[in-house]
Amino acid sequence: MMRRALIVAATAALAGCAHSGASLGKVHPGPPTIIATTQLLGPNGELRGTATLTQLTAATQVRARVEGLAPGTYAIHLHSTGKCEGPKFASAGGHFNPTMTHHGKDNPMGPHLGDLPNIVVGQGGTGSIDFTVAGLALIGGAAPLLDADGAAVIVHAGPDDYKTDPSGNSGDRIACGALAAR
Ligand SMILES: [Cu+2]
């Protein structure tokens, strides 16, 4: 099944310039901003949300929003392979884990670099997270998320307990969005 994927955009970070109020001649764009965005789709291609990852200095900000879900708490993670083949999305592989640790922030041997906080979905069927992953790079460095086989954002059927290896006892994979370098 085709999956909408990947946009990695590089744009000049003019907004980040501390002197943008100065005369035009003094505007000096910073390094390019690296952004990856994807749609999160369910097993039948139904839209379940979006995710946008923005590379910061020695960190990556992950913003994700889900929709059309029953109220509840859902795990969401960065998985290692940018391939979303339904209905189970096993193709996305395990959690992004270049440091070979165990899963979960509450696990003494954790967490995975791909671990994220749960999304809480309210009565309207929507929920979101905005979380910065320290030490995660989309591109560049020793272990970029967007390596040759990309990566995926996965939403699970249940909450992450933040400690059970390898995936927080979070159940089936119910939505997937592929991310890839281009
Ligand atoms: Cu997961």
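Scope of this entry: the structure provided in the associated data block. (Residues numbered from 1 in each chain as written. Predicted model: local features only at pLDDT ≥ 70, side-chain atom pairs only at ≥ 80, totals over all residues. Heavy atoms only, no water.)

**Describing the coordination of the copper ion**
Okay, step 1: Within the protein, the copper ion binds to His-77 (ND1), His-79 (NE2), His-95 (NE2) and His-156 (NE2); these donor distances fall in the range 2.0 to 2.8 Å.
Okay, step 2: Around the copper ion, the 4 donor atoms sit at angles spanning 71 to 135°, and that spread fits a shape best called irregular.
Okay, step 3: Taken in chain order, the donor set of the copper ion reads H-x1-H-x15-H-x60-H. Note that His-79 is positioned in strand S6 (residues 76-79) and His-156 in strand S9 (residues 151-156), a separation of 77 residues in sequence.
Okay, step 4: Residue classification places His-156 among the buried positions, given a relative accessible area of 1%. (Donors = N, O, S within 2.8 Å, 3.2 Å for Na, K, Ca; no water. Tetrahedral: all angles 85-135°; square planar, octahedral: opposite > 155°, others 65-115°. Helix = DSSP H or I, 4+ residues; strand = E, 2+ residues; numbered from the N terminus. Buried < 20%, exposed > 50% of the residue type's maximum accessible area, 1.4 Å probe, protein only.)

**Quick look at the pattern of salt bridges**
Okay, step 1: Throughout the structure, instances matching the rule amount to 4 salt bridges.
Okay, step 2: The partner of Asp-130 in a salt bridge is Arg-63, and the shortest N-O contact between them spans 3.5 Å. With Asp-130 in strand S8 (residues 127-134) and Arg-63 in strand S4 (residues 59-66), this pair connects stretches of sequence that are 67 residues apart.
Okay, step 3: The salt bridge involving Glu-67 is made with Arg-65; its shortest N-O contact spans 3.0 Å.
Okay, step 4: A relative accessible area of 40% means that Arg-65 is categorised as partly exposed. (Salt bridge = Lys/Arg side-chain N within 4 Å of Asp/Glu carboxyl O.)

**Considering the packing of aromatic side chains**
Okay, step 1: Tallied over the entire structure, the rule returns 0 aromatic pairs.
Okay, step 2: Above the face of the Tyr-162 ring, Lys-105 is positioned so that its terminal group lies 4.5 Å from the ring centre. (Phe/Tyr/Trp six-rings, centres within 6.5 Å; stacked < 30°, edge-to-face > 60°. Lys NZ or Arg CZ within 6 Å of the ring centre and 35° of its normal.)

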